[in-house]
Every structure is written in C-alpha cells, then in structure tokens.
Amino acid sequence: MNTLYNTFNVYGSFSGMPTKQQDIFTGIVRAPLVDGDGTRFGINMIFMLLKTFKKFNPEELSNWLNVKRALRELPLISVPHARKLINKCESVATAWGSHDFILTDVTEDDFCFDLGID
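Residues numbered from 1 in each chain as written. Predicted model: local features only at pLDDT ≥ 70, side-chain atom pairs only at ≥ 80, totals over all residues. Heavy atoms only, no water.

Side note on the overall build of the chain
Part 1 of the argument: The helix and strand tally for the chain stands at five helices and zero strands.
Part 2 of the argument: N-terminal to C-terminal, the α/β element order of the chain is α-α-α-α-α.
Part 3 of the argument: Put simply, the chain has 118 residues, and 39% of those count as buried.
Part 4 of the argument: Long-range contacts, defined here as pairs at least 24 residues apart, represent 68% of the contacts in the chain between residues at least 6 apart. (Helix = DSSP H or I, 4+ residues; strand = E, 2+ residues; numbered from the N terminus. Buried < 20%, exposed > 50% of the residue type's maximum accessible area, 1.4 Å probe, protein only. Contact = heavy atoms within 4.5 Å.)

Below, the structure written as structure tokens:
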C-alpha cells in the first residue's frame, strides 16, 4: 500500500513541494539501497510512482513502465528492477512518516488541480 499517494497528489509536482520536503526527498532518492548494487533512481521517476500507484506490485509496475519505454525505444525494466523501485518508494514513505510529512486529512477531492479545475 502506498501511504504517500494522497500526499504526493496534493503536491502536484516535485517543484510544488515545500523546500524542506524537496531536500529530504532528494536525499532519500539519491541514497543507495541497502543491497549495495549501486542502482541509481531518478527523482522525478520516484515522485511519479508515488503519485500514480495506490498499491505497488512488481509485475504491474514493470509492465506499466515498459509500455512507455517501448514507445521511446528504451531498454525495458525487469521485475527485479521494479522491486528495487518499490523498495526506494518504501524508503521515502518511511522517512516521510518519521518526519510527520504525511498529509492525513487529504481526500481525492483535493486533487482538482490535475484536471485543470480551480
């Protein structure tokens, strides 16, 4: 379950985040995973995943990303790499919870900016 789904949809974009949250988010995303293989993740990719998926499933995530990558003729993402992306998203969620950045009183009605409605 993605506990940050509502919070990240309120931000709208990475630049819409308060500066303190941007700094912490960037630090977490750039920090290596504990498996030590040196995999690097894009800040915008992790933000987009947290904003898009309510629940994470490695197979569904891999398929979803590969549709876009195939159109751009980029190398496809494997299920093990999708698991690493999910681990990184979980790291962000853990840090967000420890800093009390999770917005708990947000409903999907607060996402009207995505539709261009004020």
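This is not the end of the story, as more comes after the structure.
Description of the pattern of salt bridges
Part 1 of the argument: For the structure on display, the rule yields one salt bridge.
Part 2 of the argument: For the salt bridge of R83 with E59, the shortest nitrogen-to-oxygen distance reads 3.9 Å. Here E59 lies in helix α4 (residues 58-71) and R83 lies in helix α5 (residues 79-98), a separation of 24 residues in the sequence.
Part 3 of the argument: A relative accessible area of 38% means that E59 is categorised as partly exposed. (Salt bridge = Lys/Arg side-chain N within 4 Å of Asp/Glu carboxyl O.)

Re the confidence of the model for the chain
Part 1 of the argument: Summing up the model confidence of the chain, the mean pLDDT is 82 and the portion of residues at 70 or higher is 84%.
Part 2 of the argument: pLDDT under 50 marks residues 106-118. Its contacts with residues more than four places away, or in other chains, come to 17 contacts. (pLDDT = per-residue confidence, 0-100.)

Notes on helix α3 (residues 43-52)
Owing to its 3.6 residues per turn, the α-helix brings residues three or four apart onto one side.
Part 1 of the argument: The complete set of buried residues in α3 reads I43, I46, F47, L49, L50 and K51.
Part 2 of the argument: Against α1 (5-11), α2 (19-30), α4 and α5 lie the buried residues of α3.

Description of the packing of α3 against α4
Part 1 of the argument: In contact at an axis separation of 13 Å, α3 and α4 are set at 120° when each is read in the N-to-C sense. On the basis of the axis angle, α3 is oblique to α4. Between α3 and α4 lies a crossing whose hand is right-handed. Here M45, M48, L49 and T52 of α3 lie close against α4, whose contacting residues are L61, W64 and L65.
Part 2 of the argument: Across the contact of α3 with α4, the residue classes break down as six nonpolar, one polar and no charged. (Axes fitted to C-alpha atoms, helices over the stretch in contact; angles between N-to-C directions. Parallel < 35°, antiparallel > 145°, perpendicular 65-115°, else oblique. Left-handed = near helix turned anticlockwise from the far one by under 90°. Nonpolar A, V, L, I, M, F, W, Y, C, P; charged D, E, K, R; others polar.)

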